Amino acid sequence: MGTLRILSGMRPTGQLHLGHYTGALESWVQQQNLLTEDGSKVYETCFLIADYHNLTTSLETGEIYRNTLDMLIDWLAAGIDPEKSPVFRQSQIKEHTELFLLFAMLITSSRLERNPTLKEQVRDLNMESLTYGHLGYPVLQAADILLYKGEVVPVGEDQIPHVEITREIARKFNNHYTHPVIGEVFPEPAPIITKFSRLVGLDGKAKMSKSLGNTILLADGPEDVLRKMRTAVTDTAKIRKNDPGHPEACTVFSYHGKFAPPDQLLCIEAGCREGSLGCVDCKKMCAAYISQELEPLIEKRRDYESHIDLVKNILLEGEAKAKVIARNTMQEVRTAMRLGETT
Ligand code: TRP
């Protein structure tokens, strides 16, 4: 089997939090570095910064470059290696808009209105009306993925409906148009989700998200992590230290599930249930496990921050690489669709 192409992306929302890490970033790094037994790469990885998608929920663009760099620094600190994985901004590769337009002809507006991720967003952000561009969010995402012929798309659970729409668009295109030499132009990409794709926020109510202010940032040092951890909602039935607790109803225990060493997890669970482990100590432990995991990232982040020109260059180089792939795919699309023929 040959190397599979991975394409994934995030919106440039600035500094990332633990939810981004467990939901996507951590698995991107693993996939980037995964080798087969004979030492060849399992995946070829490309990571996109979805700056156009950002416009679906905010027209403010003043901070977009700073937010892009902040996010990119977090990617690099977490182990994205630009030599292996080109990183690039959607807005700098013109073919995204071109493919978006053509894909817009392949899907009905009623199909897009049924998109559950969109409905959730409209509800969470109390949006009264929807722009035409926001309705087309998954169409642009399909263009992102298929422009690079992404075969595998590692994403959080909420993005599954968008990958499904991408598959439908790819199928429809391939059914209508065939390239005279290569045949089908597009693969039908498969999503992969991680177990912790929806890390719950400190408030215990919703998933971690910047707009809800319930996050731990990847850039948070040990003191910040501990301070935020103290605010985390635990089992409301465990009031005194020695009351028996219910780990399944506790936000902090859900973090332990991800960050505690597996052999400690059973002790923590038993201690909570028996009432021998109080919430204060349990939170301290949890904060320490998280900080341990973040320590190397914080160090690398500091390095990149003091060499910001290097980060800017990484982006430009990634964009140059992405353009070559994008141009090539668009050429195939135009040939298959017989657009621009001269004879
Ligand atoms: N919609 C994705 C998100 O909000 C970001 C994104 C844009 C994306 N284009 C993509 C993810 C292509 C995967 C593939 O998280």
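Residue indices begin from 1 for each chain and proceed along its sequence in written order. Reporting in this predicted model follows two pLDDT cut-offs: at least 70 for local features of residues, and 80 or more for side-chain atom pairs to be given and counted; totals over whole chains, interfaces and linings ignore these cut-offs and use all residues. Side-chain calculation: all heavy atoms of the structure are included, whereas hydrogens and water are not.

1. Focus on the site of the ligand
Here is the rule: Nearness is judged by heavy atoms alone; a residue qualifies as near a molecule or strand once a single heavy atom is within 4 Å of it. Any N or O atom pair separated by 3.5 Å or less is treated as a polar contact, with the protein-specific requirement of one donor-capable and one acceptor-capable atom, and with residues adjacent in sequence counted only for side-chain atom pairs. Per-residue accessibility takes into account occlusion by the displayed protein chains alone, with areas from the Shrake-Rupley method and a 1.4 Å probe. By definition, any uninterrupted DSSP run of H or I lasting at least four residues is a helix, any uninterrupted run of E lasting at least two residues is a strand, and each is numbered from the N terminus.
Neighbouring the ligand are 14 residues, the closest being His53, Tyr137, Gln141, Asp144 and Gln159. In the environment of the ligand, a nitrogen atom lies 2.9 Å from a nitrogen or oxygen atom belonging to the side chain of glutamine 159. Its free accessible area being 360 Å², the ligand has 90% of it covered by the protein chains. For the shell around the ligand, the secondary structure elements donating two or more residues are strand E1 (4–10) and helix H8 (137–147). With 4 residues, H8 is the largest single contributor of residues to the shell around the ligand.

2. Digging into helix H12 (residues 262–274)
An α-helix turns once per 3.6 residues; consequently, residues spaced three or four apart project the same way. Stated formally: Expected span of a helix, by definition, is 1.5 Å for each gap between consecutive residues, and there is one gap fewer than residues. The rule is simple: take the accessible area with a 1.4 Å probe, protein chains only, and divide by the maximum for that residue type; under 20% is buried, over 50% is exposed, in between is partly exposed. Working definition: the arc comes from the directions between the helix axis and the C-beta atoms, pointing outward to the latter. For this analysis, residues touch if any pair of their heavy atoms sits within 4.5 Å.
Over its 13 residues, H12 extends 19 Å from the first C-alpha to the last, a length consistent with the 18 Å expected when each residue adds 1.5 Å. Turning to H12, its buried residues number three or more, namely Ile268, Gly271 and Cys272. Burial along H12 is one-sided: seen end-on, the buried residues are contained in an arc of 95 degrees. Of the residues in H12, the exposed ones pointing more than 90 degrees away from the buried face are Pro262, Asp263, Leu266 and Glu274. Contact partners of the buried residues in H12: helix H11 (251–259) and helix H13 (279–305).

3. So, the domain arrangement of the protein
Size of an interface, as often reported, equals the accessible area lost when the parts are brought together. Rules: The source of the domain bounds is an automatic or database domain assignment. We define buried area as the total accessible area lost by two parts upon association, computed with a 1.4 Å probe and summed across both. Definition used for salt bridges: Asp or Glu carboxyl oxygen within 4 Å of a side-chain nitrogen of Lys or Arg. Asp, Glu, Lys and Arg are counted as charged, while Ala, Val, Leu, Ile, Met, Phe, Trp, Tyr, Cys and Pro are counted as nonpolar; the rest, among them Gly, fall into the polar class.
The domains assigned to the protein are domain 1 (4–199 + 308–337) and domain 2 (220–304). Distance between the C-alpha centres of domain 1 and domain 2: 33 Å. Domain 1 puts 17 residues into the contact, and the matching count from domain 2 is 12 residues. Roughly 1,300 Å² of surface becomes buried between domain 1 and domain 2 when both sides are summed, with 66% attributable to carbon and sulfur atoms. The interface formed by domain 1 and domain 2 includes 2 salt bridges. Of the charged contacts in the structure, one is a salt bridge between aspartate 74 and arginine 301, with a shortest N-O distance of 3.0 Å. Summed over the shared surface of domain 1 and domain 2, the number is 6 residue pairs in polar contact (both at pLDDT 80 or more). Those elements that provide at least two residues to the side of domain 1 that touches domain 2 are helix H1 (18–33), helix H3 (64–78) and helix H14 (308–337). The element that contributes the greatest number of residues to the side of domain 1 that touches domain 2 is H3, accounting for 6 residues. Among the residues forming the side of domain 1 that touches domain 2, the class breakdown is 11 nonpolar, 3 polar and 3 charged.

4. So, the pattern of salt bridges
Considering all chains together, one arrives at 22 salt bridges under this definition. Among the ionic pairs, lysine 228 bridges to aspartate 220, the shortest N-O distance being 2.7 Å. Looking at lysine 228, the relative accessible area reads 15%, which means it is buried. On the basis of relative accessible area, aspartate 220 is assigned to the buried category, the value being 7%. Each of Glu164, Arg167, Arg171 and Glu188 takes part in one network of salt bridges that share partners.

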